[in-house]
Amino acid sequence: MTVRAVEVPLLWMPYALRVNPHLPALHEESESWARAMGMLEDHHRPSARPAIWSRSKFHAMTVDQLTAWTLPDASLAALRLNHRFNIWALAWDDYFAAAFKQTGDLPGARAFTTRLHAFLHSERGARPPEPANAVERGMADLQRQLFPPRLAHWRAEFNRALARYVDAGVEELANSLSGRIPHLIDYAPFRRESFAAYTAPYSVELATGARIPEPIRHSRTVRALLDAFMDFMGLANDIASYEREVHEEKDVNNLVLVVGTSLGISLHDAVPAALHLVNARLRDFEHLRQSELPLLVRRAGLDRDERAELETWLRGACGFLSGLHAWYTGAPRYASAELSLRE
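Residues numbered from 1 in each chain as written. Predicted model: local features only at pLDDT ≥ 70, side-chain atom pairs only at ≥ 80, totals over all residues. Heavy atoms only, no water.

Peer 1: Give a detailed account of the overall build of the protein, specifying residues and quantitative values.
Peer 2: What the protein contains, in helices and strands, is 16 helices and two strands. Relative to the 2.2 N^0.38 estimate, which gives 20 Å for 343 residues, the radius of gyration of the protein is 20 Å and therefore close to what a compact globule would have. When its C-alpha atoms are laid out on the principal axes, the protein stretches across 60 × 50 × 35 Å. Residue pairs in contact within the protein that sit at least 24 positions apart in sequence constitute 77% of those at least 6 positions apart. When the accessible area of the protein is evaluated, it comes to approximately 15,500 Å², of which 52% is carbon and sulfur surface. Distance between charge centres in the protein, computed from 39 positive and 42 negative side chains, equals 4 Å. (Helix = DSSP H or I, 4+ residues; strand = E, 2+ residues; numbered from the N terminus. Rg over C-alpha atoms; globule rule 2.2 N^0.38 Å. Contact = heavy atoms within 4.5 Å. Areas by Shrake-Rupley, 256 points an atom, 1.4 Å probe, with all protein chains shown as cover. Lys, Arg positive; Asp, Glu negative; His and termini not counted. Charge placed at Lys NZ, Arg CZ, Asp CG, Glu CD.)

Peer 1: Pulling in residues and values, what's your account of the nonpolar core?
Peer 2: One finds Met39, Trp53, Trp88, Phe229 and Phe285 to be the most contacted residues of the largest nonpolar core, which totals 107 residues. With residues near it in sequence (within four places) discarded, Phe285 still touches Tyr15, Leu225, Ala228, Phe229, Ala317, Cys318 and Leu321. (Core = buried A, V, L, I, M, F, W, Y, C linked by side-chain atoms within 4.5 Å. Buried < 20%, exposed > 50% of the residue type's maximum accessible area, 1.4 Å probe, protein only.)

Peer 1: Please provide a residue-by-residue account of the packing of aromatic side chains, values included.
Peer 2: In the structure shown here, the tally under the stated rule is 19 aromatic pairs. Ring plane angle 20° and centroid distance 6.3 Å describe the contact between Phe85 and Trp88, whose orientation is recorded as stacked. Note that Phe85 and Trp88 are positioned in helix H5 (residues 76-101) at a spacing of three residues, about one turn of the helix. Assessed through its relative accessible area of 0%, Trp88 is described here as buried. Site record: aromatic cluster; members linked through ring pairs are Phe85, Trp88, Trp92, Tyr95, Phe96, Phe100, Phe112, Phe147, Trp154, Phe158, Tyr165 and Tyr202. Between Arg164 and the ring centre of Tyr198, over which it is positioned, the NZ or CZ distance is 4.0 Å. In this structure, Arg283 is placed above the aromatic ring of Trp12, and the distance from its NZ or CZ to the ring centre is 4.7 Å. (Phe/Tyr/Trp six-rings, centres within 6.5 Å; stacked < 30°, edge-to-face > 60°. Lys NZ or Arg CZ within 6 Å of the ring centre and 35° of its normal.)

Peer 1: An account of the pattern of salt bridges is requested, with residue identities and associated values reported.
Peer 2: Opposite charge on two side chains makes pairing possible when the charged atoms of those side chains draw close. Here the structure, examined in full by the defined rule, presents 17 salt bridges. In this structure, Arg55 and Glu31 form a salt bridge, with 2.8 Å as the shortest nitrogen-oxygen distance. With Arg55 in helix H3 (residues 55-60) and Glu31 in the loop between helix H1 (23-28) and helix H2 (32-36), this residue pair connects regions lying 24 residues apart in the sequence. Residue Glu31 is classed as buried on the basis of its relative accessible area, which comes to 14%. As a salt-bridge pair, Asp251 and Lys101 come within 3.3 Å of each other at their nearest N and O atoms. Taken as a pair, Asp251 in the loop between helix H13 (242-248) and helix H14 (255-263) and Lys101 in helix H5 lie far apart in primary sequence, 150 residues in all. Here Asp251 and Lys101 have matching classes, each one buried. Overlapping salt bridges, with partners in common, bring together Arg192, Asp227, Asp231, Arg281 and Asp284 in one network. (Salt bridge = Lys/Arg side-chain N within 4 Å of Asp/Glu carboxyl O.)

Peer 1: So, unusual backbone geometry: which residues are in play, and what are the values?
Peer 2: When glycine is set aside, most residues are seen to have a negative phi, and most peptide bonds are trans. Positive phi outside glycine occurs at Thr62, with the angle close to 50°. By secondary structure assignment, the location of Thr62 is in the loop between H3 and helix H4 (63-70). Non-glycine residue Ala196 carries a positive phi angle of around 60°. Turning to its location among the elements, Ala196 is positioned in the loop between helix H9 (184-194) and helix H10 (200-208). For Ala196, a relative accessible area of 7% translates into the label buried.

Peer 1: Which residues make up the packing of H5 against helix H7 (residues 134-143), and what values go with them?
Peer 2: For the pair H5 and H7, the least separation of the axes is 10 Å and the interaxial angle reads 155°. Overall, the two elements H5 and H7 adopt an arrangement that is roughly antiparallel. When the axes of H5 and H7 are compared, the crossing they make is left-handed. Contacts between H5 and H7 pair Leu81, Arg84, Phe85, Trp88, Ala91, Trp92 and Tyr95 from the former with Val135, Gly138, Met139, Asp141 and Leu142 from the latter. Taken together, the residues of the contact of H5 with H7 sort by class into nine nonpolar, one polar and two charged. (Axes fitted to C-alpha atoms, helices over the stretch in contact; angles between N-to-C directions. Parallel < 35°, antiparallel > 145°, perpendicular 65-115°, else oblique. Left-handed = near helix turned anticlockwise from the far one by under 90°. Nonpolar A, V, L, I, M, F, W, Y, C, P; charged D, E, K, R; others polar.)

Peer 1: Account for helix H15 (residues 267-300), naming residues and giving values.
Peer 2: When the terminal C-alpha atoms of H15 are compared, their 46 Å separation across 34 residues agrees well with the 50 Å that a helix rising 1.5 Å per residue should span. Along H15, the helix axis deviates most sharply at Glu292, where the bend reaches about 40°; the proline Pro294 sits within four residues downstream. Directly beyond the C-terminal end of H15, a positive phi value near 65° is found at Gly301. (Expected span 1.5 Å × (residues − 1). Bend = angle between axes of the 7 residues up to and from the residue.)

Peer 1: Run through the environment of Leu17, naming residues and quoting values.
Peer 2: Within the secondary structure, Leu17 is located in the loop between strand E1 (2-3) and H1. Here Leu17 falls in the partly exposed class, since its relative accessible area comes to 41%. For the pair Leu17 and Trp69, spaced 52 residues apart in the sequence, the C-alpha separation amounts to 7.0 Å. When neighbours within four sequence positions are excluded, Leu17 is seen to be in contact with Trp69, Ser322, Gly323 and Ala326.

Peer 1: Explain H7 to me, and be specific about the residues and the numbers.
Peer 2: In terms of burial, H7 is a largely internal element, nine of the 10 residues being buried. Buried residues belonging to H7 abut H2, H5, helix H6 (106-117) and helix H8 (155-178). Regarding H7, its N-cap is Asn133, as a side-chain oxygen of that residue lies 3.1 Å from the backbone nitrogen of Val135 further along. (Polar contact = N/O pair within 3.5 Å; in protein donor to acceptor, adjacent residues only side chain to side chain.)

Peer 1: Quick rundown of the side chain of Asp141? Include the residues and the values.
Peer 2: Mapping Asp141 onto the fold places it in helix H7. Accessibility expressed as a relative area gives 13% for Asp141, which makes it buried. A polar side-chain atom of Asp141 sits 2.8 Å from a polar atom in the side chain of Trp33. A polar contact is formed between the side chain of Asp141 and the side chain of Gln145, at a distance of 2.5 Å.

Here it is as structure tokens:
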């Protein structure tokens, strides 16, 4: 039967959308980096290498809006850098889907991913191989820009997150080829990897210039807050992209399918259950931010500057989630909510 199975606006979002004032400047230059990396078709300069997107498809994704909505406080320089990372992540996703998911080429996916690892050296001065496609070219270029001196501490952790991201793509493909739908217990931690959510705290720090203070950074409360922060990103994406992933790409790595299979319920009933789970993770984040984090701050004896820095980072994190929510519920990439489901 045909039902309006996913009502994306029902995703709960308590934080107001704020838009970076540099959005017009970002829009003007939106395609320049993607074109330079070979991600866009160029009819004036034909290439033997197939591009990932047409110009119209690229602009329809509104990656400039995604960046300006998620990083409302960023400088133009920081916004440009994160915009390029967002373009790269979507380029990897669409390239991987076309080259490997649609063809079922698991050996090719593994070889492609192994080569990408060679571009993720944490040591300065390490020489990557010569890029062979637009995804590799974009990754090589980003590695030269992502870690200015004040963010050098992120080099190893960020690249570790990217390695987990591309490795998760191979695991997703293996799941789809075997028909193995992940179990709910395992899925949320895996989705943090497959959504590259471990890079998001870097983006917030890049945008705000603020870090979570060292005395509480590795506490249980902060770890729980970051887990909830990252879970909303990937799990909400599953709600928004259900039709594209499951119906068009035949992917089994989606929260709706995971909930339905793990709980033994119909897909029709799994949709509201999955939606409830996504909203619950955002409520967990809000509870930790409002109730448990202030207690931790007092116990840790953070001084005024540390408290101010934490508040700045948290404001940036809330803005990041609000921007993602706005993009999920408004971008053409996730626009359709009419799903055909069979019980």
